[in-house]
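A closer look at the structure
Take a look at the letters that make up each chain.
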Amino acid sequence: MTGPVGAPAPAATADLASLRTQVTPENVLLLHNGLKAEAQYLRGQMRACGFPVQIGEPGLDPVSKPAAVAFNAKIQTLNEQLEAYIALLKTMAEAMAQTAKSYGHNEDELTASFTSYFPGYEANAIAPQRISHTRGTGLVGGPR
């Protein structure tokens with residue numbers, strides 16, 4: 001399968017099109033819940049990790065200061081990317097909420113659906129909890 005340079009082949013485009021999720025009255029609340037939950041989870045993880053993180057100079061050698069500057073620049077870039085991703089998830093969740101309302105769901109149904117999606121969810125909670133793959137490893141996000 002070949003197409004113009006830089007463009008997917010026609011068959012590949014057709015395959016990708018079949019993977020797109022169709023928003024229906026039956027799945028709109030589930031889609032809203034998943035997007036909202038992921039945004040809240042990531043926001044909670046950032047707070048738990050103390051973002052934005054800064055690296056201090058690890059030593060007095062001549063490499064430590066430029067290394068800290070480089071690490072902090074990379075951390076800042078990653079932080080900005082994650083913030084943008086969270087904002088996108090929130091925007092998409094809000095779009096799903098508006099779509100749900102256009103299908104006849106109201107705000108109470110949105111809240112009830114999310115609460116049943118995450119039992120124990122409270123509107124003012126930082127984030128729903130999920131099991132972290134880093135738990136117990138000493139990596140960011142797990143106990144140390």
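Cut-offs applied
- Residues numbered from 1 in each chain as written.
- Predicted model: local features only at pLDDT ≥ 70, side-chain atom pairs only at ≥ 80, totals over all residues.
- Heavy atoms only, no water.
- Helix = DSSP H or I, 4+ residues; strand = E, 2+ residues; numbered from the N terminus.
- Buried < 20%, exposed > 50% of the residue type's maximum accessible area, 1.4 Å probe, protein only.
- Contact = heavy atoms within 4.5 Å.
- Areas by Shrake-Rupley, 256 points an atom, 1.4 Å probe, with all protein chains shown as cover.
- Axes fitted to C-alpha atoms, helices over the stretch in contact; angles between N-to-C directions.
- Parallel < 35°, antiparallel > 145°, perpendicular 65-115°, else oblique.
- Left-handed = near helix turned anticlockwise from the far one by under 90°.
- Nonpolar A, V, L, I, M, F, W, Y, C, P; charged D, E, K, R; others polar.
- pLDDT = per-residue confidence, 0-100.
- Salt bridge = Lys/Arg side-chain N within 4 Å of Asp/Glu carboxyl O.
- Arc of directions from axis to C-beta.
- Polar contact = N/O pair within 3.5 Å; in protein donor to acceptor, adjacent residues only side chain to side chain.
- Expected span 1.5 Å × (residues − 1).
- Patch = residues over 30% accessible without salt bridge, like charges linked within 9 Å, V, L, I, M, F, W, Y side chains within 5 Å.

**Observations concerning the overall build of the protein chain**
- Along the backbone of the protein chain there are four helices and zero strands.
- Ordered by position from the N terminus, the helices and strands of the protein chain form the series α-α-α-α.
- Burial statistics for the protein chain: of 144 residues in total, 26% are counted as buried.
- For the protein chain, restricting intrachain contacts to residue pairs at least 6 apart in sequence, the fraction spanning at least 24 positions comes to 64%.
- Accessible surface for the protein chain amounts to roughly 9,900 Å². Of this, 61% is attributable to carbon and sulfur atoms.

**Some words on the packing of helix α2 (residues 28–49) against helix α4 (residues 107–117)**
- The geometry of α2 relative to α4 is characterised by a closest axis approach of 10 Å and an angle of 65° between their N-to-C directions. Relative to α4, the element α2 is oriented roughly perpendicular. Crossing hand, α2 versus α4: right-handed. Taken together, the residues of α4 that come into contact with α2 (itself represented by Leu-29, Leu-30, His-32, Asn-33, Gly-34, Lys-36, Ala-37 and Gln-40) are Leu-110, Ser-113, Phe-114 and Tyr-117.
- Across the contact of α2 with α4, the residue classes tally to six nonpolar, five polar and one charged.

**Thoughts on the confidence of the model for the protein chain**
- On average, residues of the protein chain carry a pLDDT of 75, and 69% of them reach 70 or more.
- Within the model, pLDDT remains below 50 along residues 1–9, and this stretch shows seven contacts once partners closer than five positions in the same chain are excluded.

**Comments concerning the pattern of salt bridges**
- Throughout the structure, instances matching the rule amount to two salt bridges.
- Ionic pairing is found between Glu-83 and Arg-43, a salt bridge with its closest N-O pair at 2.8 Å. Note that Glu-83 is positioned in helix α3 (residues 64–102) and Arg-43 in helix α2, a separation of 40 residues in sequence.
- The class of Glu-83 is partly exposed, set by a relative accessible area of 30%.
- By relative accessible area, which is 17% here, Arg-43 ends up buried.

**Let's talk about α4**
- Among the residues of α4, those classed as buried are Leu-110, Ser-113 and Phe-114. All buried residues of α4 lie within an arc of 95° about the axis, which places them on one face of the element. Projecting away from the buried face of α4 at angles above 90 degrees are the exposed residues Asp-108 and Ser-116.
- Along its buried surface, α4 packs onto α2 and α3.
- Where α4 starts, the residue carrying a side-chain oxygen 3.0 Å from the main-chain nitrogen of Asp-108 turns out to be Asn-106.

**Details of α2**
- Its 22 residues place the ends of α2 32 Å apart at the C-alpha level, agreeing with the 32 Å of an ideal helix rising 1.5 Å per residue.
- Phi turns positive one or two residues past the end of α2, at Gly-50, with a value near 80°.

**Side note on the side chain of Asn-33**
- If you trace the backbone, Asn-33 turns up in helix α2.
- Excluding residues within four positions of it along the chain, Asn-33 makes contact with Leu-110, Ser-113, Phe-114 and Tyr-117.

**Topic: a nonpolar patch on the surface**
- Residues Tyr-85, Leu-88 and Met-92 make up a contiguous nonpolar surface patch of about 270 Å² in total accessible area.
- Residue placement: Tyr-85 occurs in helix α3.
- Using a relative accessible area of 41% as the deciding quantity, one classes Tyr-85 as partly exposed.

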